[in-house]
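# Coordinate inspection notes
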Amino acid sequence: MKKAAALGAATVALALAAGAVVGAVGTASAAPQDHRSSASSHHCVRVAGHWARQWHPAFRDRHHRWHPGQWIRVWRPAHQECHRGPRG
């Protein structure tokens, strides 16, 4: 009787494990897949280094002296800007 119970429990455990594997495969294959290459879904442009204007807001320093806001020029180094294309 103990052998039959052990065999039955092993069979149930095996069936549950197989069901979990099949369930995981089913959910993985149901996920939307996008097979476009990375080149077609991104648009990258090389931007040269340039000076840009940046606003520094007004502030009061540690001596309680007021400094008005001002535009300053900052250097933006060369970089790549990538934008994703429309989904569809």
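Scroll up to find the structure.
Note: disulfide means a covalent bond formed between the sulfur atoms of two cysteine side chains. Across all of its chains, the model carries one disulfide by this definition. At a sulfur-sulfur separation of 2.1 Å, the disulfide partner of Cys44 is Cys82. Disulfide Cys44 to Cys82: torsion about the S-S bond roughly 110 degrees, handedness right-handed. Pair noted here: Cys44 is in strand E1 (residues 42-47) and Cys82 is in strand E6 (residues 79-84), with a separation of 38 residues, a long-range link. Here Cys82 falls in the partly exposed class, since its relative accessible area comes to 41%.

Another aspect to go through is the packing of aromatic side chains. Following the criterion strictly, the structure yields two aromatic pairs and no others. A centroid spacing of 5.5 Å and a plane angle of 70 degrees characterise the contact between Trp51 and Trp75, whose relative ring orientation is edge-to-face. With Trp51 in strand E2 (residues 50-56) and Trp75 in strand E5 (residues 70-76), this pair connects stretches of sequence that are 24 residues apart. Seen in terms of ring centroids, Trp55 and Trp71 are 5.4 Å apart; in terms of plane orientation they differ by 65 degrees. Their pairing is edge-to-face. Of this pair, Trp55 sits in strand E2 while Trp71 sits in strand E5; the two residues are 16 residues apart in sequence, bridging distant segments of the chain.

Turning to unusual backbone geometry, a few remarks are in order. A positive phi angle, near 65 degrees, is found at His64, a position not held by glycine. Its location among the elements puts His64 in the loop between strand E3 (59-60) and strand E4 (66-67).

What follows covers the environment of Trp71. Relative accessible area serves as the criterion here: at 48%, Trp71 is assigned to the partly exposed category. Linking Trp71 and Arg53, residues 18 residues apart in sequence, is a C-alpha distance of 6.3 Å. Setting aside residues no more than four positions away along its own chain, Trp71 makes contact with Arg53, Gln54 and Trp55.

On to the environment of Gly69. Of note, Gly69 is situated in the loop between E4 and E5. When its relative accessible area of 24% is taken as the criterion, Gly69 is described as partly exposed. If near-sequence neighbours (up to four positions away) are discounted, Gly69 is found in contact with Trp55, His56, Pro57 and Ala58.

What counts, and at which threshold
Residues numbered from 1 in each chain as written. Predicted model: local features only at pLDDT ≥ 70, side-chain atom pairs only at ≥ 80, totals over all residues. Heavy atoms only, no water. Disulfide = S-S within 2.5 Å. Helix = DSSP H or I, 4+ residues; strand = E, 2+ residues; numbered from the N terminus. Buried < 20%, exposed > 50% of the residue type's maximum accessible area, 1.4 Å probe, protein only. Phe/Tyr/Trp six-rings, centres within 6.5 Å; stacked < 30°, edge-to-face > 60°. Contact = heavy atoms within 4.5 Å.

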